[in-house]
Amino acid sequence: MKENTGKSKYVMLGMLARMPQTGYTIKKWIENEYSHFWQESYGQIYPTLKKMVAEGLAVTSNNTQTGNGRGQIVYNITDAGRKELSDWLREEPEIERIRYELLLKVSFGENTEPEVLLGHLDNFIRRNDKLVKEMNGYMELCGKFKEQDIDCSYSQLTALCGVYVYSAMRDWAVEAKKIIIGKEDDS
């Protein structure tokens, strides 16, 4: 289970503010829309939803219109939940921290062969190219939603951030490869 930063509640409130959802649909939405900058596990989602109900921030209803024959619990945000979300949105965000194992490996690169690092960088470039493509695809999808009078411009902004971040990381890796190859040529 990922470390609980205490922000799971706000992720759920934000999603429920858009529409009533099940824990499953919340997880899928996070995987599809937010995975480039945020993750939540089922082990975080369901306990958080139960706690939000206990705190009066959400209410439940059973939806028996599911394809698998079982009813699912649908969560709806309450007025108290909307206020909690609004209060949190006004707070200054915490300072972001990034963790890239690749950067550690490059930092200690003198302890391995250059080919090893070049292979890691090639894989990193491919992953970031794929992520840029996914973010551009999401932004295109948001454009189609706009044609249906569905405003997802704020979600589109997070995808745009992904395009910039993953493009920059890819560009860094291309440059890092040139430097490593240059060091090999100098030897």
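All values reported here derive from a predicted model rather than from experimental measurement.

**Focus: the overall build of the protein chain**
Working step 1: Scanning the protein chain from N- to C-terminus turns up seven helices and two strands.
Working step 2: When its helices and strands are written in sequence order, the protein chain yields α-α-α-β-β-α-α-α-α.
Working step 3: Computed over its C-alpha atoms, the radius of gyration of the protein chain comes to 21 Å, more than 25% above the 16 Å expected for a compact globule of 187 residues.
Working step 4: Across its three principal directions, the C-alpha atoms of the protein chain cover 70 × 40 × 40 Å.
Working step 5: Across the 187 residues of the protein chain, 31% fall into the buried class.
Working step 6: As displayed, the protein chain offers around 12,600 Å² of accessible surface, 54% of which is attributable to carbon and sulfur atoms.
Working step 7: Measuring between centres, the 25 positive side-chain charges of the protein chain sit 6 Å from its 28 negative side-chain charges.

**Considering the packing of helix H1 (residues 8-18) against helix H3 (residues 42-54)**
Working step 1: Between H1 and H3, the shortest axis-to-axis distance is 9 Å and the interhelical angle comes to 75°. Here H1 is positioned roughly perpendicular relative to H3, judged by the angle of their axes. Note on element contacts: H3 touches H1 through Gln-44, Ile-45, Thr-48, Leu-49 and Met-52, opposite Ser-8, Lys-9, Met-12, Leu-13 and Leu-16.
Working step 2: Taken together, the residues of the contact of H1 with H3 break down into six nonpolar, three polar and one charged.

**Side note on the environment of Lys-9**
Working step 1: When you line up the elements, Lys-9 lands in helix H1.
Working step 2: If we ignore the near neighbours within four places in the chain, the residues touching Lys-9 are Thr-48, Met-52, Glu-55, Leu-57 and Glu-84.

**A short note on the side chain of Glu-40**
Working step 1: Take Glu-40: it is sitting in the loop between helix H2 (23-34) and H3.
Working step 2: Despite its burial, Glu-40 pairs with no opposite charge, the nearest such side chain being Lys-27 at 8.2 Å.
Working step 3: Leave out the neighbours within four places in its chain, and Glu-40 touches Ser-8, Val-11, Met-12, Lys-27, Ile-30 and Ile-45.

**What about the environment of Gly-143?**
Working step 1: Tracing the chain through its elements places Gly-143 in helix H6 (residues 114-147).
Working step 2: Each C-alpha atom, one on Gly-143 and one on Glu-113, is 46 Å from the other, the two residues being 30 residues apart in sequence.

**Observations regarding the packing of aromatic side chains**
Working step 1: In the structure shown here, the tally under the stated rule is five aromatic pairs.
Working step 2: Note on Tyr-42 and Tyr-46: the rings are 5.9 Å apart at their centroids and 20° apart in plane angle, and the pair reads as stacked. With Tyr-42 and Tyr-46 both in helix H3 and four residues apart, the pair spans about one turn of that helix.
Working step 3: Exposure remark for Tyr-42: the relative accessible area of 32% places this residue in the partly exposed category.
Working step 4: An aromatic cluster is defined as three or more aromatic residues linked by ring pairs; in this entry it consists of Tyr-100, Phe-124 and Trp-172.
Working step 5: Sitting over the ring of Tyr-42, Lys-27 keeps its end group 5.7 Å from the ring centre.

**With respect to H1**
The α-helix advances 3.6 residues per turn, and as a result positions three or four apart in sequence lie on the same side.
Working step 1: In terms of burial, H1 is a largely internal element, eight of the 11 residues being buried.
Working step 2: Among all positions of H1, only Ser-8, Lys-9, Tyr-10, Val-11, Met-12, Leu-13, Met-15 and Leu-16 are buried.

**With respect to the environment of Tyr-166**
Working step 1: Secondary-structure assignment places Tyr-166 in helix H7 (residues 153-186).
Working step 2: It is 16 Å that separates the C-alpha atoms of Tyr-166 and Arg-97, two residues lying 69 residues apart in sequence.
Working step 3: Not counting residues up to four positions away in its chain, the partners in contact with Tyr-166 are His-36, Asn-128, Leu-131, Val-132 and Met-135.

**What about the side chain of Lys-27?**
Working step 1: When you line up the elements, Lys-27 lands in helix H2.
Working step 2: For Lys-27, a relative accessible area of 13% corresponds to the buried category.
Working step 3: For Lys-27, the residues in contact, after removing those within four places along its chain, are Glu-40, Ser-41, Tyr-42 and Ile-45.

Here is what the cut-offs are and how they apply
- Residues numbered from 1 in each chain as written.
- Predicted model: local features only at pLDDT ≥ 70, side-chain atom pairs only at ≥ 80, totals over all residues.
- Heavy atoms only, no water.
- Helix = DSSP H or I, 4+ residues; strand = E, 2+ residues; numbered from the N terminus.
- Rg over C-alpha atoms; globule rule 2.2 N^0.38 Å.
- Buried < 20%, exposed > 50% of the residue type's maximum accessible area, 1.4 Å probe, protein only.
- Areas by Shrake-Rupley, 256 points an atom, 1.4 Å probe, with all protein chains shown as cover.
- Lys, Arg positive; Asp, Glu negative; His and termini not counted.
- Charge placed at Lys NZ, Arg CZ, Asp CG, Glu CD.
- Axes fitted to C-alpha atoms, helices over the stretch in contact; angles between N-to-C directions.
- Parallel < 35°, antiparallel > 145°, perpendicular 65-115°, else oblique.
- Contact = heavy atoms within 4.5 Å.
- Nonpolar A, V, L, I, M, F, W, Y, C, P; charged D, E, K, R; others polar.
- Salt bridge = Lys/Arg side-chain N within 4 Å of Asp/Glu carboxyl O.
- Phe/Tyr/Trp six-rings, centres within 6.5 Å; stacked < 30°, edge-to-face > 60°.
- Lys NZ or Arg CZ within 6 Å of the ring centre and 35° of its normal.

So yeah, pure geometry; function would need other evidence.
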